Amino acid sequence: LAAASAFISLGLKDLGYTYINMHDTWSTMSRDSNGNLVADPTKFHNGIKSLADEIHGMGLKFGLYGNSGTKTCSGYPGSQGYETQDAQQLTTWGVDYWKYDNCNTPSRNSQPRYTVMRDALPLTNSKILYSLCNWGADSVWTRGSQVGNSWRVGGDITDAWSSVASIAASNTDITSYATPGSFNDYYMMEISNGGLSEAEERAHFGLYAICKSPIILGIDPTKISSSSLNIIKNKAIIAINQDSLSKAASTFTPKGQPAPSSSSLYPYWAGPLSDGIVIGLIAFYGAATLTVNLADVPVLGSGGHNWTELYSGRIGSGTGVSADLGLHDMAIFRVSTKGGLTATTIATGSTSTTTSVVSTTMVTSGGSAGTGVGAVIE
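It should be emphasised that the depicted structure is a prediction, and the values quoted were computed from it without experimental measurement.

Participant: How should the sheet that holds strand S6 (residues 183–185) be read in this particular structure?
Facilitator: Backbone hydrogen bonds are what pair the strands of a sheet, in a parallel or an antiparallel way. On the basis of which strands lie adjacent, the open sheet formed by 6 strands has the order S1-S2-S3-S4-S5-S6 and parallel pairing. The open sheet terminates on both sides in strands that have one partner only, identified here as strand S1 (19–21) and S6. Neighbour-to-neighbour, the strand axes of this sheet turn through a mean angle of 25°, independent of strand direction. Of the strand pairs in this sheet, strand S2 (residues 61–67) and strand S3 (residues 97–101) are connected by 5 bridges, and their pairing is parallel. Its bridge partner lying in S3, Gly 63 is registered against Tyr 97. The strands that helix H2 (residues 47–57) touches are S1 and S2; relative to S2, the one it contacts most, it runs at about 145°. In the packing of helix H4 (residues 111–120) onto the sheet, contacts are made with S3 and strand S4 (129–132), and the angle to S3 comes to roughly 160°.

Participant: Explain the environment of Thr 28 here, please?
Facilitator: Tracing the chain through its elements places Thr 28 in the loop between S1 and H2. For the pair Thr 28 and Tyr 76, spaced 48 residues apart in sequence, the C-alpha separation works out to 7.0 Å. At a separation of 2.8 Å, a polar atom in the side chain of Thr 28 contacts the main-chain carbonyl oxygen of Ser 30.

Participant: For this particular structure, what's the right way to read the state of the cysteines?
Facilitator: Linking two cysteines covalently through their sulfur atoms gives a disulfide. As enumerated under the stated definition, the model contains 1 disulfide in all. Across the disulfide from Cys 73 sits Cys 103; the S-S distance is 2.0 Å. Since a negative S-S torsion denotes a left-handed disulfide, the Cys 73-Cys 103 link at about 90° is right-handed. Residue Cys 73 is found in the loop between S2 and helix H3 (83–93), and its partner Cys 103 is found in the loop between S3 and H4; the two are separated by 30 residues along the sequence.

Participant: Could you clarify how one ought to interpret the environment of Pro 106 in this entry?
Facilitator: Assignment of secondary structure puts Pro 106 in the loop between S3 and H4. A relative accessible area of 60% places Pro 106 in the exposed class. In this structure, the C-alpha to C-alpha distance between Pro 106 and Ser 68, residues 38 residues apart in sequence, is 9.7 Å. Beyond its immediate chain neighbours, meaning those up to four positions away, Pro 106 contacts Gln 80 and Arg 113.

Participant: Where do I start with the layout of surface pockets in this structure?
Facilitator: A probe matching the size of a water molecule, rolled over the atoms, marks out where space remains unfilled. Approximately 520 Å³ is the volume found for the largest pocket. Around the largest pocket sit 25 residues that line it, and Asn 21, Met 22, Leu 217, Gly 218 and Ile 219 are the ones nearest its centre. Taken together, the elements giving at least two residues each to the lining of the largest pocket come down to helix H1 (2–9), S1 and S3. Of the residues contributing to the lining of the largest pocket, the split by class is 15 nonpolar, 5 polar and 5 charged.

Participant: What is the right way to read the pairing of S3 from this model?
Facilitator: By the criterion of burial, S3 is predominantly enclosed, with 5 of the 5 residues buried. Judged by which residues are buried, S3 turns out to be covered on both faces: Tyr 97, Lys 99 and Asp 101 on one side and Trp 98 and Tyr 100 on the other are all buried. Tracing the backbone out of S2, into H3 and back to the parallel element S3 gives a crossover that is right-handed. In this region the chain leaves S3, passes through H4 and returns to the parallel neighbour S4; the handedness of that crossover is right-handed.

Participant: I'm lost on the packing of aromatic side chains in this one. Help?
Facilitator: The full count for this structure, using the stated rule, is 11 aromatic pairs. Residues Tyr 100 and Tyr 114 carry aromatic rings whose centres are separated by 5.4 Å and whose planes lie at 85° to one another, so their mutual orientation is edge-to-face. A residue pair is termed long-range when its members are at least 10 positions apart, and Tyr 100 in strand S3 and Tyr 114 in helix H4 qualify at 14 residues. With 5.0 Å between their ring centres and 80° between their planes, Phe 284 and Tyr 285 make a pair best called edge-to-face.

Participant: Which parts of the structure should I look at to understand the sheet that holds strand S9 (residues 276–282)?
Facilitator: One open sheet holds the 6 strands; their spatial order is S7-S8-S9-S14-S11-S12, and the pairing between them is antiparallel. Looking at strand neighbours, the two that pair on one side only are strand S7 (250–251) and strand S12 (315–318), the edges of this open sheet. Pairing geometry for S7 and strand S8 (residues 268–273), over 2 bridges, is antiparallel. Across the sheet, the residue bridging to Ser 250 is Ala 270, located in S8. Across the face of the sheet, helix H7 (residues 198–210) comes into contact with S8, S9 and strand S14 (330–336) while running at roughly 35° to S14.

Participant: Would you mind going over the packing of H3 against H4 with me for this structure?
Facilitator: To characterise two packed helices, one gives the angle between the axes of the helices and the distance between these axes. For the pair H3 and H4, the least separation of the axes is 9 Å and the interaxial angle reads 45°. With respect to their mutual orientation, H3 and H4 come out oblique. As H3 runs across H4, the sense of the crossing is right-handed. Two secondary-structure elements touch here, H3 through Glu 83, Thr 84 and Ala 87 and H4 through Val 116, Met 117 and Ala 120. Looking at side-chain class alone, the contact of H3 with H4 contains 4 nonpolar, 1 polar and 1 charged residues.

Quick notes on the rules
Counting restarts for each chain: residues are numbered from 1 in the order of the written sequence. Residues qualify for local features only when their pLDDT is at least 70, as the model is predicted, and side-chain atom pairs are given and counted only at 80 or more; totals for whole chains, interfaces and linings, by contrast, use all residues. Derived side-chain values reflect all non-hydrogen atoms in the structure, with water molecules and hydrogen atoms excluded from consideration. Strands are labelled as partners when DSSP assigns at least two bridges between them. Here a helix means four or more residues in a row that DSSP labels H or I, a strand means two or more in a row labelled E, and each is numbered from the N terminus. Think of each axis as a best-fit line through the C-alpha atoms, taken over the contacting stretch in the case of a helix, with angles from 0 to 180 degrees between the N-to-C directions. Any two residues having at least one pair of non-hydrogen atoms within 4.5 Å are treated as being in contact. Here a polar contact means two N or O atoms within 3.5 Å. Within protein one must be a hydrogen donor candidate and the other an acceptor candidate, and residues neighboring in sequence count only if both atoms are side-chain atoms. Two cysteine sulfur atoms make up a disulfide if the distance between them is within 2.5 Å. Here the term buried applies to any residue with accessible area under 20% of the maximum for its type, exposed to any over 50%, and partly exposed to those in between, with areas from a 1.4 Å probe on protein chains only. In the cavity and pocket records, a cavity denotes points on a 1 Å grid over the protein atoms alone where a 1.4 Å probe fits but cannot get out, a pocket denotes an open set with protein on both sides within 12 Å along at least 5 of 7 lines, and lining residues are residues with an atom within 4 Å of a point. Grid points are joined across faces, edges and corners, and a volume is the space filled by probe spheres set on the points. Ten residues, namely Ala, Val, Leu, Ile, Met, Phe, Trp, Tyr, Cys and Pro, are considered nonpolar, four, namely Asp, Glu, Lys and Arg, are considered charged, and the remaining ones, Gly among them, are considered polar. Consider the strands pointing away from the viewer: the crossover is right-handed when the path from the first strand over the helix to the second runs clockwise. When the centres of two rings from Phe, Tyr and Trp lie within 6.5 Å, Trp using its six-membered ring, the rings pair. Their planes under 30 degrees apart give stacked, over 60 give edge-to-face, and anything left gives tilted. Any angle from 65 to 115 degrees is called roughly perpendicular, while one under 35 is roughly parallel, one over 145 is roughly antiparallel, and all others are oblique. The handedness criterion is simple: a crossing whose near helix is rotated anticlockwise from the far helix by less than a right angle is left-handed, and one whose near helix is rotated clockwise is right-handed.

So this is what it looks like as structure tokens:
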């Protein structure tokens, strides 16, 4: 409830941050005599429905944590064998978001477990956002859009730049698998937790946003620093994440630059928008002036274009963009194109990327901000 109140007082709700999600250990250690999950009465005196009702009354949505095995990662009851019963209970409680984890499972193949819960959820006539958390096992991205709304692409993130950079770098080859309403989930952001510099926080937020990962804040919003708050409240970057085209950015190779490698974070990123292109420049190897000829950017081609750099607010036009960046800092350029881009022009446009930036991906609305499901702003 304190987090929900902070979403409102800090202006996050007005920007589209929607879900207040609760993680493991919320229940008792065993089900009741009827097999129902039970909220810990010491932690939640009035139960989960009461809590969800209060959050709904604040104009926000409520997310809860579950697990596809016999027990959660902390040893609390999982949903194995109780999928239909639990799905109905979620609806009765008014749960809007269901994170489904992968601990204490009877087999390595996670696909059947996640499909069983997928099939149970519609029976409740609910509109629960279904977040698959199988840590990228079984190449979940190849089938994720047929099962859920988002899927974790790897293990847990840690509050360190090496973890942030590794997650983005290791997933450049799978950006094409997501579709509007279902997205690659890079996991929660470690902004304002102390392990990242301000420059690294800008790169963390910006990179995950342009890749259309759900914007999930792994923080106590009542304790967020002013610099971190300014980063996560950047309307222009949120708009990139929520762009109606729902396509993720990936790496591209400017002329004269080495090809990307999944073992390190590449400095050059681009992706299509409904009205142009987003370009991300990251000073991964050290402080640098990074410059890109727009003719090297997929789809854009030769000629001059108008642009805005979204962290500084700088505007300009021409045949290239450039940014002076400190170590691990990021610049994000929104480049306008006449008449915008359509799925057809993107699919037929030239590309110099090592991975496709022309295939479908996602954000918190699967269209305009504040509607539907997509890369979930939470």
